[in-house]
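Given next are the chains, with one letter for each unit.
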Amino acid sequence: YVGLPLLASKLSSMDCKVLLDKLTRRTSSWMCNSLSFGGRLQLMASVLFSIQVFWCSTFILPVAVTKECYGKKSGKVAWSRVCKPKKEGGLGFVGCRVWNQTAIMKIGWEIFQKKASIW
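Analysis parameters
- Residues numbered from 1 in each chain as written.
- Predicted model: local features only at pLDDT ≥ 70, side-chain atom pairs only at ≥ 80, totals over all residues.
- Heavy atoms only, no water.
- Helix = DSSP H or I, 4+ residues; strand = E, 2+ residues; numbered from the N terminus.
- Buried < 20%, exposed > 50% of the residue type's maximum accessible area, 1.4 Å probe, protein only.
- Contact = heavy atoms within 4.5 Å.
- Areas by Shrake-Rupley, 256 points an atom, 1.4 Å probe, with all protein chains shown as cover.
- Expected span 1.5 Å × (residues − 1).
- Arc of directions from axis to C-beta.
- Axes fitted to C-alpha atoms, helices over the stretch in contact; angles between N-to-C directions.
- Parallel < 35°, antiparallel > 145°, perpendicular 65-115°, else oblique.
- Left-handed = near helix turned anticlockwise from the far one by under 90°.

Colleague: Give a detailed account of the overall build of the chain, specifying residues and quantitative values.
Modeller: Along its length, the chain carries five helices and zero strands. Split into buried and exposed, the 119 residues of the chain put 25% on the buried side. In the chain, once contacts between residues fewer than 6 apart in sequence are set aside, the share between residues at least 24 apart is 65%. Carbon and sulfur atoms form 62% of the exposed surface of the chain, whose accessible area is close to 8,700 Å².

Colleague: Explain helix α5 (residues 96–112) residue by residue, including any values.
Modeller: Its 17 residues give α5 an end-to-end C-alpha distance of 24 Å, which sits within 8% of 24 Å, the value for a rise of 1.5 Å per residue. Listed in full, the buried residues belonging to α5 are Cys96, Asn100, Ala103 and Glu110. Viewed end-on, α5 has its buried residues packed into an arc of 90 degrees, placing them on one side of the element. For α5, exposure combined with an orientation more than 90 degrees from the buried face picks out Met105, Trp109 and Phe112. Tucked into the core, α5 has its buried residues touching α2 (37–56) and α3 (63–68). Just past α5, the residue Lys114 takes up positive phi, approximately 55 degrees.

Colleague: Quick rundown of helix α1 (residues 17–28)? Include the residues and the values.
Modeller: With 12 residues, α1 extends 16 Å from end C-alpha to end C-alpha; this agrees with the ideal 16 Å at 1.5 Å per step. Close packing links the buried residues of α1 with α2 and α3.

Colleague: Got a sec to walk through the packing of α2 against α5? Specific residues and values, please.
Modeller: Where α2 meets α5, the closest approach of the two axes is 9 Å, and the angle between their N-to-C directions is 45 degrees. Relative to α5, the element α2 lies oblique. Regarding α2 and α5, the two cross each other, and that crossing is right-handed. In this structure, α2 uses Phe49, Gln52, Val53 and Cys56 to contact α5, whose residues at the interface are Cys96, Trp99, Asn100, Ala103 and Ile104.

What follows is the structure, encoded as structure tokens:
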């Protein structure tokens, strides 16, 4: 068992509570002032993104969940600006919704290509 819900129906927001709790639990210790901005940025890029990618590669997440993944409180900079490439003044993050759509399309492409196994 890898921590994903075992469902035969469409994923609901309540099913994703585990994901949101896991993201919140990881970030709660980082909110202290002991980490620099660069340290928090690196932790977000590695830890939080890997947790999110694992779920996004398996399910089509509800829109409410993708909006809540990184933004319960309002930040100093909008996520649309943070998700821009570094050359355009952003931090180079990929938005949760965009990544979810891309990961699911990748699985669809592998099925379309009739690979022997998509695992």
